[in-house]
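Structural characterization, general
Listed below are the residues making up each chain.
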Amino acid sequence: MDPSLKEENLQSAEEEEEEVDPRIQGELEKLNQSTDDINRWESELEDGRQRFRAVLVEAMCKLDGLMKRIGRAVDDSKPYWEARKVAKQAQIEAQKATQEFQRSVEILRAAKETIALAEERLLEEDSRQFDSAWQEMLNHATQRVMEAEQSRTRSEAEHKKTAANYNSSISHMRQLEKKLKRSINKSRPYFELKGKYYLQLEHLKILVNERQAKLMSAKAEYRKALRNLESISEEIHAQRRSVAMGTREQGVGAEGDGGDDEVANFKMESDGLS
């Protein structure tokens, strides 16, 4: 190979080494940001878990102390407090069903109004000149009314079911309230404190779960950036191998026709042997 050509190829390779693919910089920035996020969320997650454990231990100690002072009233009144919890949940479900029923009634009313408007337009216009858009609107509104009626029927049934369940739960709770009035009054501080800690622990649990989700997301971003860097690296190496192979092929051809002479000599020797 011509020495000047060899030097030119080496210089070109060095220039390629110096040039950094802009995609690499972008993925490195993502990798660094993901690393920072991982460290942050790992720290905050551990803090959240420690806070949860601390509040849980505090709750258990204080509740145990109250229970020892109050005595049997805690166990005796448990049926009432459990019934009260059930009644509260039944109330939430009944309110939700009521809202859904009211919403389905409004949707049905709006669909019927649309049908009335389209039918009124149909009576006013010559049937031959009736706008196809109004016909399409009428068909759509008719279908909407049928769906809204079905939805209203379902929501009405659910509304009645949840309302009956709520009334039954309230009735049962009030019966227990009368029966266990003395134990309820005595144990009230225990169950009110328990409810307070329950809400606090639920809030901390939500925070822990949120931080856990953010940590998982940050780790996913890190893995994604790492895969992208590997892909870019493989692509660059493949391009360089392709350039190197092209250079070698050019060098082999440039070193002359000796190979053809050897073939020709071989043929001549073969002829002599034959």
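Residues numbered from 1 in each chain as written. Predicted model: local features only at pLDDT ≥ 70, side-chain atom pairs only at ≥ 80, totals over all residues. Heavy atoms only, no water.

Within the protein, the secondary structure is distributed over 6 helices and 0 strands. Its helices and strands taken in sequence order, the protein reads α-α-α-α-α-α from the N to the C terminus. Put simply, the protein has 274 residues, and 22% of those count as buried. Sequence-distant contacts, at least 24 apart, represent 90% of the contacts inside the protein between residues at least 6 apart. (Helix = DSSP H or I, 4+ residues; strand = E, 2+ residues; numbered from the N terminus. Buried < 20%, exposed > 50% of the residue type's maximum accessible area, 1.4 Å probe, protein only. Contact = heavy atoms within 4.5 Å.)

So, on to the environment of Ser151. Mapped onto the fold, Ser151 is located in helix α4 (residues 132–179). Between the C-alpha atoms of Ser151 and Leu108, which are 43 residues apart in sequence, the distance is 8.8 Å.

What follows covers the layout of surface pockets. Computed from the structure, the largest pocket encloses a volume of approximately 950 Å³. Taken together, 25 residues make up the lining of the largest pocket; nearest its centre are Trp81, Lys85, Phe191, Gly195 and Tyr198. Of all the secondary structure elements, the ones that give two or more residues to the lining of the largest pocket are α2 (22–70), α3 (73–124), α4 and α5 (181–254). For the lining of the largest pocket, the leading source of residues is α3, giving 10 residues. The residue makeup of the lining of the largest pocket, split by class, is 14 nonpolar, 3 polar and 8 charged. (1 Å grid on protein atoms, 1.4 Å probe; cavity = no way out; pocket = protein on both sides within 12 Å on 5 of 7 lines; lining within 4 Å. Points joined across faces, edges and corners; volume = space filled by probe spheres on them. Nonpolar A, V, L, I, M, F, W, Y, C, P; charged D, E, K, R; others polar.)

In this structure the tally under the stated criterion is 13 salt bridges. Among the charged side chains, a salt-bridge network with shared partners connects Arg40, Glu44 and Arg211. (Salt bridge = Lys/Arg side-chain N within 4 Å of Asp/Glu carboxyl O.)

Now for the nonpolar core. Formed by 22 residues in total, the largest nonpolar core has its most connected members in Ile70, Tyr80, Met173 and Tyr190. Mapped onto this core, the elements with two or more residues apiece are α2, α3, α4 and α5. Other than its neighbours up to four places away in sequence, Met173 contacts Tyr80, Ala83, Arg84 and Ala87. (Core = buried A, V, L, I, M, F, W, Y, C linked by side-chain atoms within 4.5 Å.)

With that out of the way, let us pick up the side chain of Ser169. Looking at the secondary structure, you find Ser169 in helix α4. For Ser169, the contacting residues outside a window of four places in its chain are Val86, Ala87 and Ala90.

Turning next to the UniProt feature "coiled-coil region" (unreviewed entry) in the protein. Within this structure's numbering, the places UniProt gives as "coiled-coil region" (unreviewed entry) are residues 208–235. As annotated, residues 208–235 has a helix share of 100% and a strand share of 0%, and its two end C-alpha atoms lie 41 Å apart. (UniProt positions renumbered as here; feature names shortened; annotations may be inferred.)

Now for α2. For α2, with 49 residues, the first-to-last C-alpha span of 71 Å sits near the 72 Å given by 1.5 Å per residue. Within α2 the residues assigned to the buried category are Glu27, Leu31, Ser34, Ile38, Trp41, Leu45, Gly48, Val55, Ala59, Leu63, Leu66 and Ile70. After α2 finishes, the residue Gly71 shows a positive phi value of roughly 85°. (Expected span 1.5 Å × (residues − 1).)

Note that Ser233 resides in helix α5. Assessed through its relative accessible area of 31%, Ser233 is described here as partly exposed. Taking the C-alpha atoms as reference, Ser233 lies 9.3 Å from Asp21; in sequence the two are 212 residues apart.

We now examine the packing of aromatic side chains. Here a ring pair, both rings aromatic, is described through the centre-centre distance and the interplanar angle of the planes. Evaluated as defined, the whole model comprises 3 aromatic pairs. Between Tyr80 and Trp81 the ring centres are 5.0 Å apart and the planes differ by 75°, which places this aromatic pair in the edge-to-face class. In this pair, the class of Tyr80 matches that of Trp81, namely buried. On the numbers, 5.0 Å between centres and 85° between planes, the contact of Tyr190 with Phe191 is edge-to-face. Of the aromatic side chains, those joined through ring pairs into one cluster are Tyr80, Trp81, Tyr190 and Phe191. The positively charged end of Arg40 is found above the aromatic ring belonging to Trp41, 4.2 Å away from the centroid. If you follow Lys85 out to its NZ or CZ, it ends over the ring of Tyr198, 5.7 Å from the centre. (Phe/Tyr/Trp six-rings, centres within 6.5 Å; stacked < 30°, edge-to-face > 60°. Lys NZ or Arg CZ within 6 Å of the ring centre and 35° of its normal.)

Among the structural elements, Ser183 can be located in helix α5. Assessed through its relative accessible area of 17%, Ser183 is described here as buried. Setting aside anything within four residues of it in sequence, one finds Ser183 in contact with Ala73, Asp76 and Ser77.

Below, the discussion takes up the environment of Lys62. Tracing the backbone through its elements, the reader meets Lys62 in helix α2. As for Lys62 and Lys194, which are separated by 132 residues in sequence, their C-alpha atoms are 9.3 Å apart. For Lys62, the residues in contact, after removing those within four places along its chain, are Leu193 and Tyr197.

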